[in-house]
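Examination of the molecular architecture
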Amino acid sequence: RECVVEAGECIFVPRGWWHLVLNLEESVAITQNFASSVNVNHVLRYVENADLVSGLEQEKRAGLHSAFKEALRLHRPEVLEGAARRG
């Protein structure tokens, strides 16, 4: 599928959808990967495979999974506990 996002618009790309962005003119693009209590198990499984992670220096990718879990343990332990219950 293709679309053109005009000035002031935004687009949501669902989890797992491979995509390509081509800026047709000078642009400012803001992107974010969203982790919530609902999808945290998927995020943890994804970042566990350093080969799938992009946007981060190669040497930092291997430690991302443990760093993310530690941040959850320190700042949002209820999310990590819920993830463990859901498996």
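Not measured: the values here are computed from a predicted model. (Residues numbered from 1 in each chain as written. Predicted model: local features only at pLDDT ≥ 70, side-chain atom pairs only at ≥ 80, totals over all residues. Heavy atoms only, no water.)

1. So, the nonpolar core
Val-40, Leu-44, Leu-72, Val-79, Leu-80 and Ala-83 form the largest nonpolar core, which has six residues in total. Secondary structure elements with two or more residues in this core: helix H1 (40-48) and helix H4 (77-86). Not counting the four nearest positions on each side in its chain, Leu-72 is found in contact with Val-40, Pro-77, Val-79 and Leu-80. (Core = buried A, V, L, I, M, F, W, Y, C linked by side-chain atoms within 4.5 Å. Buried < 20%, exposed > 50% of the residue type's maximum accessible area, 1.4 Å probe, protein only. Helix = DSSP H or I, 4+ residues; strand = E, 2+ residues; numbered from the N terminus. Contact = heavy atoms within 4.5 Å.)

2. Quick word on the side chain of Arg-61
With respect to the element layout, Arg-61 can be found in helix H2 (residues 58-61). For the buried Arg-61, no salt bridge exists, and the shortest N-O distance to an oppositely charged side chain is 6.5 Å, to Asp-51. With residues up to four places along the chain from it excluded, the contact list for Arg-61 reads Ala-50, Val-53, Ser-54, Gly-55 and Leu-56. (Lys, Arg positive; Asp, Glu negative; His and termini not counted. Salt bridge = Lys/Arg side-chain N within 4 Å of Asp/Glu carboxyl O.)

3. Some thoughts on a nonpolar patch on the surface
Taken together, the side chains of Val-5, Ile-11, Val-13 and Trp-17 present a nonpolar region at the surface, about 370 Å² in accessible area. Residue placement: Val-13 occurs in the segment before H1. Among the residues examined, Val-13 registers a relative accessible area of 31% and is labelled partly exposed. (Patch = residues over 30% accessible without salt bridge, like charges linked within 9 Å, V, L, I, M, F, W, Y side chains within 5 Å. Areas by Shrake-Rupley, 256 points an atom, 1.4 Å probe, with all protein chains shown as cover.)

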